[in-house]
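Here are the chains, one letter per residue:
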Amino acid sequence: MAFYEHIRAYREQLDITQMEAAKRMGIDHSALSKYEKGDLAIPISLLGTIQEVYAIPKDDFLHMLMGKPSKSKNPGLEARESRARYLESFYEENIAPLQHLKEFRELVMDIKSHSNDDKELKRYIKKLKTE
């Protein structure tokens, strides 16, 4: 498997959009799309950022770079652990710096109190973004 295929598969395993990943990497989402398709070479300077943003363990990242499959003995468990690492880094980078703001906490509570249904919450959040 080529490196660009590993990157896309890893992002999908984390259940994040190209838009979210690209924003965290500081690149345009169209560039990430081209990287993931193999239409554009991934700059060497971006490799560390990819590893950091996706919270990929060093051994796994080296296997990805070499185009080798993961040596995972339990892919399901590793996928959950990868997602947990990603969410932790996302929290530290994006949520923690804002949690002291009462307006942020009120926004979070407003969104959460709107519904317990994920589809309904997504619609509500999209509506907030367009206002």
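Preceding block: the structure.
Here the structure is a predicted model, which means the values were calculated and not measured. (Residues numbered from 1 in each chain as written. Predicted model: local features only at pLDDT ≥ 70, side-chain atom pairs only at ≥ 80, totals over all residues. Heavy atoms only, no water.)

1. Details of the pattern of salt bridges
Taken as a whole and assessed by the stated rule, the structure comprises four salt bridges. A salt bridge links arginine 24 to glutamate 93; its shortest N-O distance comes to 2.8 Å. Residue arginine 24 is found in helix H2 (residues 18–25), and its partner glutamate 93 is found in helix H6 (residues 75–95); the two are separated by 69 residues along the sequence. Residue class for glutamate 93 comes out partly exposed when judged on its relative accessible area of 42%. (Salt bridge = Lys/Arg side-chain N within 4 Å of Asp/Glu carboxyl O. Helix = DSSP H or I, 4+ residues; strand = E, 2+ residues; numbered from the N terminus. Buried < 20%, exposed > 50% of the residue type's maximum accessible area, 1.4 Å probe, protein only.)

2. Brief notes about unusual backbone geometry
Positive phi is not limited to glycine here, since aspartate 15 has a value of about 60°. Locating aspartate 15 in the fold gives a position in the loop between helix H1 (3–14) and H2. We classify aspartate 15 as exposed; its relative accessible area is 58%. Located in the positive-phi region is alanine 55, a residue other than glycine, with phi close to 55°. One can find alanine 55 in the loop between helix H4 (44–54) and helix H5 (58–65). Assessed through its relative accessible area of 16%, alanine 55 is described here as buried.

No statement about biological role is implied by the geometric values presented.
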